[in-house]
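Given next are the chains, with one letter for each unit.
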Amino acid sequence: MYIVSNRFHSLYKLHKLCKTNITSHFASIMSSCVSLDFLNVNQDFKSFNTRQHSHSISEGVTTHSNNENEAYDFSYKEAIKALNGLQSNAQTISNAIQREKGSNSCHSLDKTIYFLSLLDIKPSDLNQLNVIHVSGTKGKGSTCAFADSILRRFGYKTGFYSSPHLVAARERIRLNGEPITKKLFAKYFWSVYKTIERRKDASIGMPPYFNFLTLMAFEVFLKEKVDATVLEVGIGGQYDCTNVVPKPIVTGVSSLGLDHCSLLGATIEQIAWQKSGIFKSSVPAFTVEQCGAAMKVLKSRAQELRSSSLHVCPLLSLYPHSVPIELGIKGLLSGEVQKLNASLALQLTNSWLNKINNNKYQISSFITKDGTFCDIFPLNANHINGLSKCCWPGRCQILRKNNCIYFLDGAHTHESLSHCSKWFCDESQKLLTSNRLVRVLIFNCTGDRPTERLMRALDIKFDIAIFCPNKVDNNKDFTSDNSNFTVTSQREAEICSINAKVWSKINEKTLISKQSCISDAIKFINDKTQKEKPLPVHVLVTGSMHLVGSVLSLIDPDLQSLNN
């Protein structure tokens, strides 16, 4: 059950009345509307368009009969331009964070439900998507990728919504493991965009970037009639706009840690509370082993939200299998981190399959350290192939480009950067072709993350350390998938200076360079290392998934590494 704030609930009711030409209760609805400071909107509801909307569909794009002569460019590039226009500026985000902390409100869910109503989608309609909903600090994307891959091997048509994207925004919305095409992205983007633009109250702005893409993903998955939807939470869980699905098939929480503390809280208990907000009544929940404080909160929340159960996943090695399991997503520390994610994905998909098919696998009970029960079942070829053929770029990924080998990992917490450091050292050693080697770091971290603590996790002797923003070049193009308009160029430069200063404090012998963009950073590497007898160069790119994505857009512009 969802409690929607008075204003959006009133708008939702008003929209329903408009569609059915029932206006007798208009005055009572108007009187119940209250202001929402965070929207900074005018409360003049007289401007609300109460006429019935007439639509015609051409090539899947919604147009309106009263504006049939209005010209729109429905291309992919123009869609990305319009999408980038939905990014909020840095100050707006900062203010919203402070208001969220103060009120602990669920405005994002209210807004999402309201905007869904404009698309003629009720929250209950989302139950048709047969959702696997996953939150967590580390590994939730990998868990989702494994789950999506497994279900496809069982023959199901899948929809997979994730964030952030690496190279192209369309990566966030996948059908059968593949990013939707530019044509399909443009088709659904403009259908959703123009429908919301026409139907929404004039005093309310368009949905912001992530919220809009979430709405679009729901529209795509419903219209394309997927059998299963794997839904990755954006930030947190409790108030994340993906959390509007009333009855997912199963929910999961990956490894927890401290991240996004200004939004979610400064303690592991507060973060666990937010992440477990996706638990639903009578819906099973799964998690991996957590620290005692986090597990205590998860168990308490499972009871509070009336989950049918909370299970802790067993080690991957405990599942009976006839052939060795080689994970498609390469792991850290001999793969132990990804093995946790793989086990969680196995449990989520097994629960999903049992619910959809009412077909139980052979199961034996296993009791984890904290006393909760988890199921172990024999793995068949579909499970094995789903795990081994899964591809999830930007995580422990290695790419060769000319004389450089790039090691790409979007780690951005202390724990994940510590694992990343060990992974880089191990893999770099394996790929040595001479006694001499140039090790280069490209690093950026943003937001409120503790810079020095993160850098100390990178216990590596680099010859060169480069600090640059996440942007590909110095020109912020509104039609680029990777342009970020939520932070000014001045602030980007300040962050790089801070990062460089901190690094110099803890690594005095490293050659440090500040570059204004990634293109300049790569040129700097080439200029410094490509001599008459060039040495092999190993480049670690880490600290931000956005940074990894922008580097990938230069060294793998055709998205070859993104193909599943």
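What counts and how
Residues numbered from 1 in each chain as written. Predicted model: local features only at pLDDT ≥ 70, side-chain atom pairs only at ≥ 80, totals over all residues. Heavy atoms only, no water. Disulfide = S-S within 2.5 Å. Buried < 20%, exposed > 50% of the residue type's maximum accessible area, 1.4 Å probe, protein only. UniProt positions renumbered as here; feature names shortened; annotations may be inferred. 1 Å grid on protein atoms, 1.4 Å probe; cavity = no way out; pocket = protein on both sides within 12 Å on 5 of 7 lines; lining within 4 Å. Polar contact = N/O pair within 3.5 Å; in protein donor to acceptor, adjacent residues only side chain to side chain. Helix = DSSP H or I, 4+ residues; strand = E, 2+ residues; numbered from the N terminus. Contact = heavy atoms within 4.5 Å. Core = buried A, V, L, I, M, F, W, Y, C linked by side-chain atoms within 4.5 Å. Pairing = 2+ DSSP bridges. Axes fitted to C-alpha atoms, helices over the stretch in contact; angles between N-to-C directions. pLDDT = per-residue confidence, 0-100. Phe/Tyr/Trp six-rings, centres within 6.5 Å; stacked < 30°, edge-to-face > 60°.

### Re the state of the cysteines
All told, the structure shown has zero disulfides when counted by the stated rule. The thiol sulfur of Cys-496 is not disulfide-bonded, and the nearest other cysteine sulfur, from Cys-468, lies at 6.2 Å. The buried category is assigned to Cys-496, whose relative accessible area is 3%.

### With respect to the UniProt feature "binding site: ATP" (unreviewed entry) in the protein chain
As annotated by UniProt and renumbered to match this structure, "binding site: ATP" (unreviewed entry) occupies Arg-395 and Asp-409. Restricting the annotated residues to those that line the largest cavity leaves Arg-395. A distance of 2.6 Å separates a polar atom in the side chain of Arg-395 from the backbone oxygen of Pro-393. Assignment of secondary structure puts Asp-409 in the loop between strand S14 (404-408) and helix H14 (414-430). Judged by relative accessible area, which is 6%, Asp-409 ranks as buried. Once residues within four sequence positions are removed from consideration, Asp-409 is found in contact with Gly-394, Arg-395, Cys-396, Cys-420, Trp-423, Val-541, Thr-542, Gly-543 and Val-548.

### Topic: the nonpolar core
With 48 residues, the main nonpolar core has Leu-83, Leu-126, Phe-185, Phe-189, Phe-212, Met-216 and Phe-221 as its most contacted residues. Taken together, the elements giving at least two residues each to this core come down to helix H3 (76-84), helix H5 (107-118), strand S5 (173-175), helix H7 (182-199) and helix H8 (209-223). Of all the elements, H8 adds the most residues to this core, at 10 residues. The residues touching Phe-212, leaving out its near neighbours within four places in the chain, are Leu-83, Leu-86, Phe-189, Val-192, Tyr-193, Met-206 and Pro-207. In terms of nonpolar packing, the next biggest core, distinct from the first, is built from 35 residues, Ile-132, Cys-144, Tyr-319 and Trp-352 among them.

### Concerning the pairing of S14
Among the five residues in S14, five count as buried, and that is most of the element. Neither face of S14 is open: one carries Cys-404, Tyr-406 and Leu-408, the other Ile-405 and Phe-407, and all of them are buried. Of the strand pairs in this sheet, strand S13 (residues 397-401) and S14 are connected by five bridges, and their pairing is antiparallel. Directly across from Arg-400, in S14, lies its bridge partner Ile-405. Turn length for the S13-S14 hairpin, with the two strands adjacent in sequence and antiparallel, is two residues, and the turn residue Asn-402 shows positive phi of about 60 degrees. Relative to strand S18 (residues 537-542), S14 is paired through five bridges, and the arrangement is parallel. Residue pairing in the sheet places Cys-404 in a bridge with Val-537 of S18.

### What about the UniProt feature "binding site: Mg(2+)" (unreviewed entry) in the protein chain?
Per the UniProt annotation, the sites labelled "binding site: Mg(2+)" (unreviewed entry) are Ser-163, Glu-232 and His-260. For Ser-163, the contacting residues outside a window of four places in its chain are Arg-172, Phe-210, Glu-232 and Gly-234.

### Let's talk about the sheet that holds strand S4 (residues 158-161)
Strand order in this open sheet of eight strands is S6-S5-S4-S7-S3-S8-S9-S10, and the pairing throughout is mixed. The open sheet has two edge strands, strand S6 (178-179) and strand S10 (309-312), and neither has a second partner. One ladder, built from four bridges, connects strand S9 (residues 284-287) with S10; its direction is parallel. Across the sheet, the residue bridging to Phe-286 is His-311, located in S10. Across the sheet, helix H12 (residues 336-357) touches strand S3 (131-135), strand S7 (228-232), strand S8 (250-253) and S9, and the angle it forms with S9 is around 165 degrees.

### Looking at the environment of Gln-338
Position of Gln-338 relative to the elements: it lies in helix H12. Polar contacts involving the side chain of Gln-338 include one to the side chain of Asn-341, which spans 3.0 Å.

### Here we look at the confidence of the model for the protein chain
Of all residues in the protein chain, 76% have pLDDT values of 70 or greater, and the mean over the chain is 80. This model gives residues 89-97 a pLDDT under 50, and the stretch forms nine contacts once residues within four places in sequence are excluded. Low pLDDT, under 50, characterises residues 100-105; the predicted model gives this stretch seven contacts beyond four residues in sequence or across chains.

### Remarks on unusual backbone geometry
In the segment running from Ser-163 into Pro-164, the intervening peptide bond is cis, with an omega of -5 degrees. Within the secondary structure, Pro-164 sits in the loop between S4 and S5. A positive phi angle, near 55 degrees, is found at Lys-225, a position not held by glycine. Inspection of the secondary structure assignment puts Lys-225 in the loop between H8 and S7. Using a relative accessible area of 64% as the deciding quantity, one classes Lys-225 as exposed.

### Concerning the packing of aromatic side chains
Across all of its chains, the model carries 18 aromatic pairs by this definition. With 5.0 Å between their ring centres and 90 degrees between their planes, Phe-189 and Trp-190 make a pair best called edge-to-face. Residue Phe-189 is classed as buried on the basis of its relative accessible area of 0%. Both rings, one in Phe-189 and one in Phe-212, keep their centres 4.9 Å apart while their planes meet at 50 degrees; by these two values the pair is tilted.

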